[in-house]
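Read off the chains here:
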Amino acid sequence: MSSLKSVSSNVTWLSADRVVRLGLNASSWIIVMRVVGPEAFGRFSYVYAAYLMFVPVVAFGLDNVVVRWLIRAPDAAPSILGSGLALRLISAAGSWLALTVWVQSTQVAADGLSIAAVLGLGLIGPAFDVIDLEFQSRLASRWTVMAKALPFLLSVVLRILAVSAQAGFVALAAAVAIEPLLGALGLWVLAHRNGLPPQRYRVTRSMFGQLARESLPFLMGALAVVVYMRIDQLMLLPLCGPVELGLYAAAARLSELLYFAPMVLVTSLAPVLHRV
């Protein structure tokens, strides 16, 4: 019964978080498109779609693997989390470099390289979601939801302010990148306040290799999903032009409102199933 109550609470918090995030996210991007126009938004959307392609690369498919290890070997948490963090940071550095090279080679916009370089800094933030995984393993996602809420709301406001002030797309990219970076800081503070300081993390060669091997199939699956979801936007620019891409990208935000349910259920049920 206690497990059922914990799962129910977790699902409630995560569902509310996903619904609010997706709703505000879609609304903010539609406002951005209306302010800057579909052509300029289309060019930015191409770089943003390329950036989103690398987010699962940074995650490296570690979520379920790390949660399973934390449940089955809680005493090894420092090496599990430290090795997972190291794996993700290495992946983030490689992803940032690949993103900038990709965007520079396409020459999609005059300031495309600067936009990609600033957006790419946001790839550092997801690396620190290993802190969130420790809370997920304890079915305590409500704390991480609250820790990430303020950075998200700040990012939404900054996006609208950036385009309203005609600050340029580099400023818009900074408004996007600030969310995962401040979210990582919020998780770091949260971990300290709950007696789970990240300073205890350590990297071990054996755990690093074990996590890399076990997460590889999940990484391949995540890449397949993100390519399926984003390749249309990457193809639309050379096929139809930036105006059509801008209109399509704004409309696509609305369809993303339906994506939250499977993610919430998997995140909440996985820790319970790993204990069976």
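Structure: see above.
On a predicted model such as this, the values are computed, not experimentally measured, just so you know.

## So, unusual backbone geometry
Here is step 1 of the chain: The phi angle at Phe60 is positive, at roughly 60 degrees, despite the residue not being glycine.
Here is step 2 of the chain: With respect to the element layout, Phe60 can be found in the loop between α2 (38–59) and α3 (62–72).
Here is step 3 of the chain: We classify Phe60 as buried; its relative accessible area is 16%.

## Some points on the pattern of salt bridges
Here is step 1 of the chain: Using the criterion set out here, one finds 7 salt bridges in the structure.
Here is step 2 of the chain: Salt-bridge contacts for Asp129 lead to Lys148; the nearest nitrogen and oxygen are separated by 3.1 Å. Of the two residues, Asp129 is situated in the loop between α6 (124–127) and α7 (130–137) and Lys148 in helix α8 (residues 141–164); the sequence distance between them amounts to 19 residues.
Here is step 3 of the chain: For Asp129, a relative accessible area of 23% translates into the label partly exposed.
Here is step 4 of the chain: Three or more residues joined by partner-sharing salt bridges are found here, namely Asp129, Asp132 and Lys148.

## Notes on a nonpolar patch on the surface
Here is step 1 of the chain: A surface patch of nonpolar side chains, about 570 Å² in accessible area, is lined by Leu89, Trp96, Leu97, Val101, Leu121, Ile124 and Leu181.
Here is step 2 of the chain: Tallying contributions element by element places helix α4 (residues 77–106) first for the nonpolar patch, with 4 residues.
Here is step 3 of the chain: Here Leu121 shows up in helix α5 (residues 112–121).
Here is step 4 of the chain: Given the relative accessible area of 41%, Leu121 is considered partly exposed.

## Thoughts on the packing of aromatic side chains
Here is step 1 of the chain: Taken as a whole, this structure holds 8 aromatic pairs when the rule is applied.
Here is step 2 of the chain: A ring pair is formed by Trp29 and Phe44, whose centres lie 5.8 Å apart and whose planes are at 35 degrees; its orientation type is tilted. Linking Trp29 in helix α1 (residues 2–36) with Phe44 in helix α2, this pair joins segments that are 15 residues apart in sequence.
Here is step 3 of the chain: With relative accessibility at 0%, the residue Trp29 sits in the buried group.
Here is step 4 of the chain: Plain terms: the ring middles of Phe44 and Phe169 are 5.5 Å apart, the flat faces sit at 25 degrees to each other, and that makes the pair stacked. Of this pair, Phe44 sits in helix α2 while Phe169 sits in helix α9 (residues 169–193), and the two are 125 residues apart along the sequence.

Analysis parameters
Residues numbered from 1 in each chain as written. Predicted model: local features only at pLDDT ≥ 70, side-chain atom pairs only at ≥ 80, totals over all residues. Heavy atoms only, no water. Helix = DSSP H or I, 4+ residues; strand = E, 2+ residues; numbered from the N terminus. Buried < 20%, exposed > 50% of the residue type's maximum accessible area, 1.4 Å probe, protein only. Salt bridge = Lys/Arg side-chain N within 4 Å of Asp/Glu carboxyl O. Patch = residues over 30% accessible without salt bridge, like charges linked within 9 Å, V, L, I, M, F, W, Y side chains within 5 Å. Areas by Shrake-Rupley, 256 points an atom, 1.4 Å probe, with all protein chains shown as cover. Phe/Tyr/Trp six-rings, centres within 6.5 Å; stacked < 30°, edge-to-face > 60°.

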